[in-house]
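Residue-level structure breakdown
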Amino acid sequence: MNGLTDRLQKIADEINTGETMADIGTDHGFLPLYLWEKGISPSVIMCDVSAPSLAKAMAAAGAYQFGHELDFRVGDGLTVLSAGEVDAVVIAGMGGLLIRDILDRDMEKTCSFGKFILQPRNHAGLLRYWLKANNFNIVKNQLVREGKFICDIITVIPPKSAEIAILGPTEALPCKRDACWELPDDLFEKQGPLAAEYAAVKLAIEQKVMDGMQRSSHIDSDELDIVNRRIAYFRKRRMQNEV
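Moving on, we get to helix H2 (residues 30-37). With respect to burial, H2 is a largely interior element, 6 of its 8 residues being buried. Looking at H2, one finds that the buried residues are Leu31, Pro32, Leu33, Tyr34, Leu35 and Trp36. At its buried positions, H2 is contacted by helix H1 (6-12), strand S1 (21-24), strand S2 (44-48), helix H3 (51-61), strand S3 (70-74) and strand S4 (88-94). Two residues or fewer after H2 comes Gly39, characterised by a positive phi angle close to 75°.

What follows is the structure in C-alpha cells.
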C-alpha cells in the first residue's frame with residue numbers, strides 16, 4: 001500500500017515493533033494494514049460498526065485478508081474485542097465524547113489493554129479531563145496538520161483496574177472547561193508554531209462565543225468568567241510560540 005497521511009503516520013509511530021493492535025472504526029484499514037505490512041504489528045484487528053465500511057478494509061487487504069494475522073470484525077467500540085486481546089488500541093477520527101463513552105462503557109475491559117492512541121475530532125479537552133479523572137496516564141500529547149484542520153493525538157496508558165479508575169485522581173483537577181485541557185503544557189514544549197496556530201484557532205472560537213454572549217439580553221456571570229479565562233489563556237499561548 002502507499003504511505004500513510006501525516007496524521008496516520010503519527011499514530012502509527014506510537015505502536016512499537018512487536019505490539020499487536022486493534023483499530024476501532026477502521027474504515028479503509030490503512031493504518032493496521034501499514035503496521036502489518038511493515039512488520040511492526042504481527043497481527044492486527046480491524047473493527048467497524050458498519051459492515052460496508054469494513055468491506056473497504058477487506059478490499060484494501062486484497063489477497064492478504066485470508067491470512068490469520070488479519071482479523072476483520074463488525075461491532076460497536078470495544079465490544080468486538082476480548083479483554084487484553086491486543087497490546088494497543090487505536091480509536092481515531094471520532095468525536096472526543098464518543099471516544100470517552102467507548103472507553104467508559106466497560107472499564108474492566110478498557111483497563112485490560114496496554115495502551116490507547118486516541119485521535120478525537122473535537123472535544124479533546126473534555127476527553128483529557130475524563131482520562132485524568134479516571135486515572136489514565138497521558139504519556140504524550142501531539143498535534144498534526146491534516147488539510148485545513150489541526151488534529152490532537154493523545155497516547156494514554158489505562159489504570160491497572162476499573163477499581164483504580166473509580167477512585168479518581170489523587171490530586172485536585174482544574175475545571176473540565178479549563179483551557180489547559182485543550183492546550184496542555186507539553187504541546188507547547190514540543191509543537192512550537194503549530195501549537196501557536198492551534199491556539200489562534202481556539203481563540204477565534206472563544207471570541208465568537210464572547211460576541212454572542214455580549215449580544216444576549218441576559219449574561220450568565222459564571223459563564224462569562226469561564227469564557228474570559230479561556231480567551232486569556234489561548235491569547236497567551238498563541239503569543240508564546242508565534243514565530
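Moving on, we get to helix H10 (residues 221-240). For H10, with 20 residues, the first-to-last C-alpha span of 29 Å sits near the 28 Å given by 1.5 Å per residue. Those residues of H10 that sit buried are Ile226, Val227, Arg230, Ile231, Tyr233, Phe234 and Arg237. Buried-residue contacts for H10 involve helix H8 (185-190) and helix H9 (193-215). Of the residues that open H10, the one with a side-chain oxygen 2.9 Å from the backbone nitrogen of Asp222 is Asp220.

Another aspect to go through is the side chain of Thr26. By the secondary structure assignment, Thr26 is in the loop between S1 and H2. By relative accessible area, Thr26 is classed as buried at 7%. Polar contacts involving the side chain of Thr26 include one to the side chain of Asp23, which spans 2.8 Å. With residues near it in sequence (within four places) discarded, Thr26 still touches Pro32, Met46, Cys47, Asp48, Leu54 and Ala57.

Right, let's get into unusual backbone geometry. A positive phi angle is found at His123, which is not glycine, with a value near 55°. Topologically, His123 is positioned in the loop between strand S5 (115-120) and helix H6 (124-133).

We now examine the pairing of S2. Most of S2 is tucked away, with 5 of its 5 residues classed as buried. Residues Val44, Met46 and Asp48 point to one face of S2 and Ile45 and Cys47 to the other, with burial holding for every one of them. Both S1 and S2 contribute to a ladder of 4 bridges, which runs parallel. Within S2, the residue paired with Met21 across the bridge is Val44. For the segment spanning S1, H2 and S2, crossover handedness is right-handed.

Time to look at the confidence of the model for the protein chain. Of all residues in the protein chain, 95% attain a pLDDT of 70 or more, and the chain-wide mean is 90. Confidence, expressed as mean pLDDT per element, reaches its minimum in the protein chain at helix H7 (residues 162-167) with 80 and its maximum at S5 with 98.

Of all 9 residues in strand S7 (residues 149-157), 7 are buried, a share of seventy percent or more. Two strands pair when backbone bridges link them, and S5 and S7 are joined in this way by 3 bridges, in the antiparallel orientation. Across the sheet, Ile117 pairs through a bridge with Thr155, a residue of S7. The sheet contact formed by strand S6 (residues 137-146) and S7 spans 9 bridges and is antiparallel. Within S7, the position partnered with Asn141 by the bridge is Ile154. From the end of S6 to the start of S7, which pair antiparallel, there are 2 residues, and Gly147 there has a positive phi angle of about 65°.

Our focus in this paragraph is the nonpolar core. Leu81, Val89, Ile91, Phe116, Leu118 and Leu131 are the most contacted members of the largest nonpolar core, which totals 28 residues. Elements with a minimum of two residues in this core: S1, S2, S4, helix H4 (96-104), S5, H6, S7 and H7. If we ignore the near neighbours within four places in the chain, the residues touching Val89 are Ala22, Ile24, Leu78, Leu81, Phe113, Lys115, Phe116 and Ile117. Of all hydrophobic cores here, the second largest spans 26 residues; its members include Leu4, Leu8, Ile15 and Leu70.

Another aspect to go through is the pattern of salt bridges. Considering all chains together, one arrives at 17 salt bridges under this definition. Measuring nitrogen to oxygen at the nearest pair gives 2.7 Å for the salt bridge that ties Glu197 to Arg145. One end of the pair, Glu197, is in helix H9; the other, Arg145, is in strand S6, with 52 residues separating them in the sequence. Accessibility expressed as a relative area gives 39% for Arg145, which makes it partly exposed. Each member of the salt-bridge network shares a partner with another, and the members are Glu182, Lys202, Glu206 and Arg230.

Rules behind the numbers
- Residues numbered from 1 in each chain as written.
- Predicted model: local features only at pLDDT ≥ 70, side-chain atom pairs only at ≥ 80, totals over all residues.
- Heavy atoms only, no water.
- Buried < 20%, exposed > 50% of the residue type's maximum accessible area, 1.4 Å probe, protein only.
- Helix = DSSP H or I, 4+ residues; strand = E, 2+ residues; numbered from the N terminus.
- Contact = heavy atoms within 4.5 Å.
- Expected span 1.5 Å × (residues − 1).
- Polar contact = N/O pair within 3.5 Å; in protein donor to acceptor, adjacent residues only side chain to side chain.
- Pairing = 2+ DSSP bridges.
- Right-handed = clockwise from strand over helix to strand, strands pointing away.
- pLDDT = per-residue confidence, 0-100.
- Core = buried A, V, L, I, M, F, W, Y, C linked by side-chain atoms within 4.5 Å.
- Salt bridge = Lys/Arg side-chain N within 4 Å of Asp/Glu carboxyl O.

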